[in-house]
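Structural characterization, general
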Amino acid sequence: MQTILDGTATFLEYLALAEEPFGVYYADTLPENAYGPKTGTPISRELEDKHELDMQEVMKSFSCVMGNVWLARKKGGAAYISAEEYGCPGGVYYCSMMKPHLRFIEHYVSTGFEGTPLHGERYMPNPDAMRKFMEEVNPREATGKYCIFKPLSQFTDEVPPEFVIFFARPEVLSGLFTQATFTTGDMECVVSPFGAGCTNMISWPLYYKGKGLEKAVIGGFDPSARKFMKTDELTFTVSLDLYEKMLAALPDSMFAHETDWKGVRKKVERSAKAWGEDS
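Now for a look at the structure at hand. (Residues numbered from 1 in each chain as written. Predicted model: local features only at pLDDT ≥ 70, side-chain atom pairs only at ≥ 80, totals over all residues. Heavy atoms only, no water.)

Alternating residues of strand 7 (residues 216-219) divide into Ala216 and Ile218 and Val217 and Gly219, and every residue in both groups is buried. For strand 6 (residues 190-191) and strand 7, the ladder comprises two bridges, and the chain directions are parallel. Looking at strand 7, one finds that Val191 is bridged to Val217. Taken together, strand 6, helix 9 (residues 197-210) and strand 7 constitute a β-α-β crossover, and its handedness is right-handed. (Buried < 20%, exposed > 50% of the residue type's maximum accessible area, 1.4 Å probe, protein only. Helix = DSSP H or I, 4+ residues; strand = E, 2+ residues; numbered from the N terminus. Pairing = 2+ DSSP bridges. Right-handed = clockwise from strand over helix to strand, strands pointing away.)

Given below as C-alpha cells:
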C-alpha cells in the first residue's frame, strides 16, 4: 500500500485536492471509529411478500449510507453498513448486504403508492422502470459481514480496498476523468448511470468489475444524497487495479508536462481560497 499512498500524495498535489480519497472493502470486523446505522427490525423480500414487514417501523431507524460516509469524512473515521445494521432499505441492497431487493423501493423511488401519503421520490417514472434498474445493477453477494468505507491511508497490504473513491468538484473531476481516459485509451471508460449515492460508489463499480470492464463511475447526482456532499461535489470511483494504473501513468500524463492543466490547477486553488475551505 505504501507505493499507492505515495502515488496518491503526488496525484493529490497535481489535482490541488486536499482531501484524500476513501477506499471501500468487505470484512467481518469493523475498524475503530466506525460510524453506521443502529440495528434495525429484520427485513427481507420473504417478510414483505408475507405482509409481515412494517415499513413505518423500518424507517424509524433510517440512516443513509452517504450520511455515514459524510460523518466519516469529517471525523477521519470509517462508515459501514450490514444486513442487520442497514439503516436504508435501498442501501442494504446496493451495498450487497441483502438480496433480493424490497419491492417497496420500486414504489418509494418512483411514484409511491396510490391512495396513500407516500407519493414517492419521483426519480423514476414508474415502479416497473425502477424494478428494471434494480434487477440490472444486481450487486453480487457480499464477501464479508460489513461493507466498509474509510480513508485510503488506513488500508494495509493485508487488507487493501477493492475500490477507490474521490470526492471532488468539476475542475478536479476533469483531472480525474482525463487521467482515467489517458490511462485506458478508452473514450468511454468514464460512466455515470442512474443510481443512489451509494449505488455509484459501490454497486455500479461492482457491476463493471464483474463484467471485466475497466470503468470509472461518477456519482452524486441523487437529490437525496446531496445534503451529505459539498456544493458542486461529485464522487469518482475506480477499482484498485485501475487506480494503480492511473498512478503509474502520471509521469507521462498532462499533469507532469506543460499543458492546460496548470491553468486549471490555479483555478482550483483560487476557488478554494475564495470558498475559504479545502479544495
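Topologically, Ser82 is positioned in strand 3 (residues 78-82). Look past the residues within four positions of Ser82 in its chain and what remains in contact with it is Val92, Met97, Lys145 and Tyr146. (Contact = heavy atoms within 4.5 Å.)

Our next topic: the pattern of salt bridges. It is possible for side chains of opposite charge to pair when their charged atoms get near one another. Counting across every chain of the model gives 14 salt bridges. For the salt bridge of Glu233 with Arg73, the shortest nitrogen-to-oxygen distance reads 2.8 Å. Taken together, the residues Glu233 in the loop between strand 7 and strand 8 (234-239) and Arg73 in helix 4 (residues 65-75) connect sequence positions 160 residues apart. According to the relative accessible area criterion, Glu233 is buried, its value standing at 3%. When the shortest N-O distance is used, the salt bridge between Glu106 and Arg103 registers 2.7 Å. Of this pair, Glu106 and Arg103 are both found in helix 6 (residues 103-108), three residues apart, which corresponds to roughly one turn of the helix. What makes Glu106 buried here is its relative accessible area of 1%. Look at Arg103 and you get partly exposed, because its relative accessible area is 30%. In this structure, a network of salt bridges that share partners links the residues Arg103, Glu106, Asp128 and Arg131. (Salt bridge = Lys/Arg side-chain N within 4 Å of Asp/Glu carboxyl O.)

This next bit is on the nonpolar core. Among the nonpolar cores identified, the biggest contains 47 residues, and Tyr94, Cys95, Cys147 and Phe149 are the most heavily contacted of them. Tallying contributions element by element places helix 9 first for this core, with seven residues. Ignoring sequence-local partners within four residues, the contact set of Cys147 consists of Val24, Tyr25, Tyr26, Ala79, Tyr80, Ile81, Cys95, Met97 and Ile202. (Core = buried A, V, L, I, M, F, W, Y, C linked by side-chain atoms within 4.5 Å.)

Let us look at helix 10 (residues 240-248). Turning to helix 10, its buried residues are Leu240, Leu242, Tyr243, Met246 and Leu247. Along the long axis of helix 10, the arc covered by the buried residues comes to 160°, so they all point the same way. Exposed positions of helix 10 whose direction lies more than 90 degrees from the buried face are Asp241 and Ala248. Contacts from the buried residues of helix 10 go to helix 1 (2-15), strand 5 (163-168), helix 8 (170-184), strand 7 and strand 8. (Arc of directions from axis to C-beta.)

Take Arg169: it is sitting in the loop between strand 5 and helix 8. Note on Arg169: relative accessible area 15%, which makes it buried. Distance in space between the C-alpha atoms of Arg169 and Lys150 is 20 Å, their sequence separation being 19 residues. Of note is the side chain of Arg169, whose polar atom sits 2.7 Å from the backbone oxygen of Thr231. (Polar contact = N/O pair within 3.5 Å; in protein donor to acceptor, adjacent residues only side chain to side chain.)

On to the packing of aromatic side chains, then. What the rule picks out here adds up to 17 aromatic pairs. Relative to Phe113, the ring of Phe104 lies with its centre 6.2 Å away and its plane at 25°, an arrangement referred to as stacked. Look at Phe104 and you get buried, because its relative accessible area is 9%. Classification of Phe113 by relative accessible area gives partly exposed; the value is 31%. Put simply, the rings of Tyr93, Tyr94, Phe133, Phe194, Trp204, Tyr207 and Tyr208 touch in pairs and so form one group of aromatic residues. The ring of Phe155 has Lys150 sitting right over it, with the charged end atom 4.8 Å from the ring centre. The ring of Phe163 carries the charged tip of Lys209 above its face, separated from the ring centre by 5.6 Å. (Phe/Tyr/Trp six-rings, centres within 6.5 Å; stacked < 30°, edge-to-face > 60°. Lys NZ or Arg CZ within 6 Å of the ring centre and 35° of its normal.)

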